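Structural characterization, general
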Amino acid sequence: MLHNFNISLKYEREQAQKADTFYRNILSVSEIKRFNTDSKSDMEMQRQDVDLLITRKGVCYRVSEKFREKDFGDFYIEIYSKYPDTPGWIYTGSPNAILYFTPLNIYWITHKTLTSFCLEKLMPNINKLWFNDLYKSHRTIMSKEIVIDKTPIHINLIQAHNKAGNSWETMGISLGFDILEKFGVKFLKYRVGEELVKDET
């Protein structure tokens, strides 16, 4: 399946208004500053995987937004922005939090704990040849079983075939929020249109 990068970017920008409503009405954010133009300064923030700044209770947070059209109870972690030479946002990003929007739920994920899990626990148990196998197969998804701290874990390797003038492959790993929780990734979960339904773990 071919992923049109420009259409995806357009979709994400269309979600900004809904996201801002959530920030103001549910998180009681007092200030929102987005980096959604193609200016040099905004693009510099985008390269750090920072889409906006929000101020909440006097604290400013650097936020990366992720949007998904369906909620499968899992989270996608970008390992390669452009396989095989350009690392993904898990290595290059510097937000404080990731706000992950789905039709059913919105997740506030603490970036520091996610990065620690990925770099210290997840990636040391991933065979890098798997990504090459996925690339050569031209498949979209490849399921694998790994072991972290003696615990069997199911993961999916995901490949997106991108096109925006030229073509490239983005690769990452998706895994369930139950796994993230088990290994100390902190997140808050909000039901769309409702109050907080999950405390920070």
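The structure under discussion appears in the preceding block.
Being a predicted model, the structure only gives us computed values, none of them experimental. (Residues numbered from 1 in each chain as written. Predicted model: local features only at pLDDT ≥ 70, side-chain atom pairs only at ≥ 80, totals over all residues. Heavy atoms only, no water.)

All right, on to the overall build of the chain then. Each helix and strand counted, the chain has 7 helices and 13 strands in total. Summed over its atoms, the accessible surface of the chain is roughly 11,100 Å², and 51% of this surface lies on carbon and sulfur atoms. (Helix = DSSP H or I, 4+ residues; strand = E, 2+ residues; numbered from the N terminus. Areas by Shrake-Rupley, 256 points an atom, 1.4 Å probe, with all protein chains shown as cover.)

What follows deals with the pairing of strand E3 (residues 52-56). Of all 5 residues in E3, 4 are buried; the element is thus mostly enclosed. By the bridge criterion, 4 bridges tie strand E2 (residues 31-34) to E3 in an arrangement that is antiparallel. In the sheet register, Ile32 faces E3, and the bridge partner there is Ile54. One ladder, built from 5 bridges, connects E3 with strand E4 (residues 59-67); its direction is antiparallel. Each bridged residue has a counterpart across the sheet, and for Thr55 the counterpart in E4 is Cys60. (Buried < 20%, exposed > 50% of the residue type's maximum accessible area, 1.4 Å probe, protein only. Pairing = 2+ DSSP bridges.)

The next point concerns the nonpolar core. Grouped together as the largest cluster of nonpolar side chains are 35 residues, with contacts concentrated most on Phe75, Ile77, Ile109, Leu114, Leu122 and Phe131. Apart from the residues lying within four places of it in its own chain, the contact partners of Leu114 are Phe75, Ile77, Trp89, Ile90, Ile98, Ile109, Leu180 and Val185. Formed by 16 residues, the second largest nonpolar core is a distinct cluster that contains Ile54, Ala97, Trp108 and Tyr190. (Core = buried A, V, L, I, M, F, W, Y, C linked by side-chain atoms within 4.5 Å. Contact = heavy atoms within 4.5 Å.)

A few words on the side chain of Ser64. Mapped onto the elements of the fold, Ser64 is located in strand E4. Residue Ser64 is classed as buried on the basis of its relative accessible area, which comes to 0%. Engagement of the side chain of Ser64 in a polar contact is seen with the side chain of Asp49, the distance being 3.0 Å. Ser64 has contacts with Asp49, Asp51, Pro95, Ala97, Ile98 and Leu99, leaving out every residue within four places of it along the chain. (Polar contact = N/O pair within 3.5 Å; in protein donor to acceptor, adjacent residues only side chain to side chain.)

Mapped onto the fold, Glu169 is located in strand E11 (residues 166-176). There is a polar contact of 2.6 Å between the side chain of Glu169 and the side chain of His161. The residues contacting Glu169, other than those within four sequence positions of it, are Ser81, Lys82, Tyr83, Tyr135, Gln159, Ala160, His161 and Asn162.

Moving on: the packing of aromatic side chains. The description of an aromatic ring pair rests on the distance of the ring centres and on the angle between the ring planes. In total, this model carries 18 aromatic pairs according to the counting rule given. Taking 6.1 Å as the distance between ring centres and 25 degrees as the angle between the ring planes, the aromatic pair formed by Tyr100 and Phe177 counts as stacked. Pair noted here: Tyr100 is in strand E7 (residues 97-101) and Phe177 is in helix H7 (residues 177-182), with a separation of 77 residues, a long-range link. Grouping residues by exposure puts Tyr100 and Phe177 together as buried. Grouping aromatic residues by their ring pairs yields a cluster made of Phe75, Trp89, Tyr100, Tyr107, Phe177 and Phe187. Cation over ring: Lys82 sits above Trp168, and NZ or CZ is 5.0 Å from the ring centre. (Phe/Tyr/Trp six-rings, centres within 6.5 Å; stacked < 30°, edge-to-face > 60°. Lys NZ or Arg CZ within 6 Å of the ring centre and 35° of its normal.)

In this section: the pattern of salt bridges. Pairs can form between side chains of opposite charge once their charged atoms are near each other. Applying the stated criterion across every chain, the model contains 6 salt bridges. With a shortest N-O distance of 3.1 Å, Glu44 and Arg47 are connected by a salt bridge. Here Glu44 and its partner Arg47 are both found in helix H3 (residues 40-47), 3 residues apart, which amounts to about one turn of the helix. Given the relative accessible area of 39%, Glu44 is considered partly exposed. (Salt bridge = Lys/Arg side-chain N within 4 Å of Asp/Glu carboxyl O.)

Moving on, we come to the environment of Arg68. Examined against the element boundaries, Arg68 turns out to sit in the loop between E4 and strand E5 (74-82). On a C-alpha basis, the gap between Arg68 and Phe101 in space is 6.2 Å, while along the polypeptide they are 33 residues apart. At 3.0 Å, the side chain of Arg68 and the side chain of Tyr100 are in polar contact.

A cis amide bond links Tyr83 to the next residue, Pro84, at an omega of 5 degrees. Inspection of the secondary structure puts Pro84 in the loop between E5 and strand E6 (86-87). Located in the positive-phi region is His138, a residue other than glycine, with phi close to 65 degrees. As for its placement among the helices and strands, His138 is situated in the loop between helix H6 (129-137) and strand E9 (141-148).

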